[in-house]
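Tertiary structure, described
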Amino acid sequence: TTDSLFPCVTRGTTDLLFPCVTRGTTDLLLPCVTRGVCVPGTKLPWDEQWLIESLSDSTIYMAFYTVAHLLQGGTFKGEKPNELGITADQMTPEVWDYIFLKESRFPSKSKIPRASLDLMKREFEYWYPVDLRCSGKDLIQNHLTFFIYNHCAIWPEDKVKWPKGIRANGHLLLNSLKSDGNFLTLSEAVEKFSADGMRLCLADAGDSIEDANFVESMARCRYKRWTRTIGECCSKEALKAGFFELQAVRDKYRELSLLSGMHRELIDRFLEVQALLLAPICPHVAEHVWTLLGKSIVRATWPVAGPVDDILVKSSCYLMEAAHSFRIQLKYHTQPKKPGKGDTVGVSKPTHADIWIAKTYPPWQSTVLTTLSQLYQKNGTLPDNKVISSELAGKPELKKYMKRVMPFVQATREKVEQVGLEALNLTLDFDEYNVVAENLVYLENTLDVS
């Protein structure tokens, strides 16, 4: 009964099985099933000639997958004899019990040789349990709930047979519409974007329990960018990091290497790593890229990152932030000024620029950073801005700068959230002058000045 099964399916179990976005549903649903709602295997109260039985077989069919290759004879319907010579009528409940249940005795009345049954039993024990079940969010309240219950009912003491994970996906919208006639067949999609191109576009459309949106115009842009990239040489977050962000890093490296040129070995390594990262989403193209490199991705292992030079990473971030700041200042400087009423006055674009690099913070900023560091060490985190403001208001050296103090505090707080306590350091771990000097060509090109 569901009453006896419910203790089996604890909240802790559902926390392991469902993504956090579906836990609320299952936490409400599982107790509801025990209170007598109509479940598979019960008769309709108003017409007992009808039996509700729609889910029991469909929630454990993956157990059949473990032995199907031995029974189907290499066919989908199983119409041909199999290598073990077993017929459908020989697969009795006692035979299935022997295969699926560890403690079940050998069915003495069965005509199937023990060696054949032991082979199927070993196959089941090897492949089970289900590592990950992928399904739709509309099946949480029925199919997936009984997927859990039936495993608990069949293997109440053998918990290693219980499912390890369930992934519930949202539905797929086409061009943000749900209207009739708004559809794209698989053959049409493959013809438009290719098999791997379609997989890439689907991965980019979304991968959470929220409905994903497949926009054809966006897919065409992604596909063109992707195929252009292939000529030069995917879950949404994996695709973002493994393709789009990695492409951006390569493009930035190319911009920074105009003077000295790019290193061939590094570009080859980039191609290898990106192909490996995209292999689960775009396996055919990934294999093609590795073939061009004279290798086979089938025998490749997942890429492992080498040691990270934190100082080099920080100096790179510093350069990108400085360039971004310069571009904003340049844009602001060249915007037409409005001297009251009348025509606007244009400003000519500068042809050269001077960069001044301060060796230390201004005294008032050093005082703020020192105070913030002391408060952080005292509380284990930065207190509210009201507390910080009260602390800084008592420092006489800050009186002339009070209008600028709190904006600086807020900017520093945001930086602490990004990089940690090192944002409060009074000095950097690298030489700012050298970073700027070594990348002057890049700065000149990005600002179009000398």
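Structure shown above.
Below you will find a few notes about this structure.

How each quantity is defined
Residues numbered from 1 in each chain as written. Predicted model: local features only at pLDDT ≥ 70, side-chain atom pairs only at ≥ 80, totals over all residues. Heavy atoms only, no water. Helix = DSSP H or I, 4+ residues; strand = E, 2+ residues; numbered from the N terminus. Buried < 20%, exposed > 50% of the residue type's maximum accessible area, 1.4 Å probe, protein only. Areas by Shrake-Rupley, 256 points an atom, 1.4 Å probe, with all protein chains shown as cover. Axes fitted to C-alpha atoms, helices over the stretch in contact; angles between N-to-C directions. Parallel < 35°, antiparallel > 145°, perpendicular 65-115°, else oblique. Left-handed = near helix turned anticlockwise from the far one by under 90°. Contact = heavy atoms within 4.5 Å. Nonpolar A, V, L, I, M, F, W, Y, C, P; charged D, E, K, R; others polar. Salt bridge = Lys/Arg side-chain N within 4 Å of Asp/Glu carboxyl O. Pairing = 2+ DSSP bridges. Right-handed = clockwise from strand over helix to strand, strands pointing away. Core = buried A, V, L, I, M, F, W, Y, C linked by side-chain atoms within 4.5 Å. Arc of directions from axis to C-beta. Phe/Tyr/Trp six-rings, centres within 6.5 Å; stacked < 30°, edge-to-face > 60°. Patch = residues over 30% accessible without salt bridge, like charges linked within 9 Å, V, L, I, M, F, W, Y side chains within 5 Å.

Tallying secondary structure elements over the chain gives 19 helices and six strands in all. Counting across all 450 residues of the chain, residues that qualify as buried make up 33%. Carbon and sulfur atoms form 57% of the exposed surface of the chain, whose accessible area is close to 28,900 Å².

The relative placement of two packed helices is expressed as an angle between their axes plus a distance between the axes. Direction vectors running N to C along helix α14 (residues 310-334) and helix α19 (residues 440-447) enclose 30 degrees, while the axes themselves pass 10 Å from each other. One element, α14, and the other, α19, form an angle in the roughly parallel class. The handedness of the crossing between α14 and α19 is right-handed. Contacts from Leu319, Met320, Ala323, Phe326, Arg327 and Leu330 in α14 reach Tyr442, Leu443, Thr446 and Leu447 in α19. Across the contact of α14 with α19, the residue classes tally to eight nonpolar, one polar and one charged.

Considering the arrangement of structural elements, one finds methionine 198 in helix α9 (residues 195-205). In sequence terms methionine 198 and leucine 186 are twelve residues apart; their C-alpha atoms lie 9.2 Å from each other.

A word on the pattern of salt bridges. Overall, the coordinates contain 13 salt bridges when judged by the stated rule. With its nearest N and O atoms 3.1 Å apart, the salt bridge here joins lysine 161 to glutamate 125. Of the two residues, lysine 161 sits in the loop between α7 (140-154) and β4 (166-169) while glutamate 125 sits in helix α6 (residues 114-127), which places them 36 residues apart along the sequence. Among the residues examined, lysine 161 registers a relative accessible area of 2% and is labelled buried. With relative accessibility at 26%, the residue glutamate 125 sits in the partly exposed group. We note a salt bridge from lysine 295 to glutamate 272, for which the minimum N-O separation is 2.5 Å. Placement of lysine 295 in the loop between α13 (283-292) and α14 and of glutamate 272 in helix α12 (residues 264-278) is noted, with a sequence separation of 23 residues between them.

Here we take up helix α4 (residues 61-71). For α4, the set of buried residues is Met62, Ala63, Thr66, Val67, Ala68, Leu70 and Leu71. The elements touched by buried residues of α4 are α5 (93-100), α6, β3 (133-136) and α7. Trailing α4 by a residue or two, glycine 73 shows a phi angle of about 65 degrees, which is positive.

What follows is about the pairing of β3. One ladder, built from four bridges, connects β3 with β4; its direction is parallel. When the bridges of β4 are listed, serine 135 appears paired with alanine 168. At this point the chain moves from β3, through α7, to the parallel β4, and the crossover so formed is right-handed.

A separate point is the side chain of serine 366. Relative to the helices and strands, serine 366 resides in helix α15 (residues 363-379). Judged by its relative accessible area of 19%, serine 366 is buried. Excluding residues that lie within four positions of it along the chain, serine 366 makes contacts with Tyr361 and Leu426.

Turning our eyes to something else, we now look at the nonpolar core. The biggest cluster of nonpolar side chains holds 27 residues, and the ones touching the most others in it are Met91, Ile99, Leu117, Met120, Phe124 and Tyr128. The set of elements that each furnish at least two residues to this core consists of α4, α5, α6, α7 and β4. When near neighbours in sequence (up to four residues on either side) are disregarded, leucine 117 contacts Val95, Tyr98, Ile99, Phe106, Pro107, Ser110 and Ile112. Counting residues in hydrophobic clusters, the runner-up holds 15 residues, among them Leu392, Val405, Ala423 and Leu424.

Looking now at α19. For α19, every residue scored as buried is listed here: Tyr442, Leu443 and Leu447. For α19, the angular spread of buried residues about the axis comes to 115 degrees, placing them on one side. Where α19 terminates, the next one or two residues include aspartate 448, which has phi positive at roughly 60 degrees.

On inspection of all chains with the given rule, the structure shows 13 aromatic pairs. The interplanar angle of 90 degrees and the centroid separation of 4.9 Å between the aromatic rings of tyrosine 126 and tryptophan 127 together place this pair among those described as edge-to-face. Both residues of the pair, tyrosine 126 and tryptophan 127, belong to the exposed class. Taken together, the ring pairs connect Phe64, Trp96, Phe100, Phe124, Tyr128 and Trp155 into an aromatic cluster.

As a packed pair, α15 and helix α17 (residues 402-419) sit with axes 11 Å apart at the nearest point and diverge in direction by 50 degrees. Overall, the two elements α15 and α17 adopt an arrangement that is oblique. Relative to α17, the crossing made by α15 is right-handed. Note on element contacts: α17 touches α15 through Arg404, Val405, Phe408, Val409, Thr412 and Val416, opposite Trp364, Gln365, Val368, Leu369, Leu372 and Tyr376.

So, about a nonpolar patch on the surface. The grouping of Ile355, Ile357, Tyr433 and Leu440 at the surface amounts to a nonpolar patch, some 360 Å² of accessible area in total. By the secondary structure assignment, isoleucine 355 is in the loop between α14 and α15.

With that out of the way, let us pick up unusual backbone geometry. The peptide bond linking tyrosine 128 to proline 129 adopts the cis configuration, its omega dihedral lying at 15 degrees. Along the chain, proline 129 turns up in the loop between α6 and β3. Here aspartate 448, not a glycine, exhibits a phi torsion of approximately 60 degrees, which is positive. Within the element layout of this structure, aspartate 448 appears in the segment after α19. What makes aspartate 448 exposed here is its relative accessible area of 53%.

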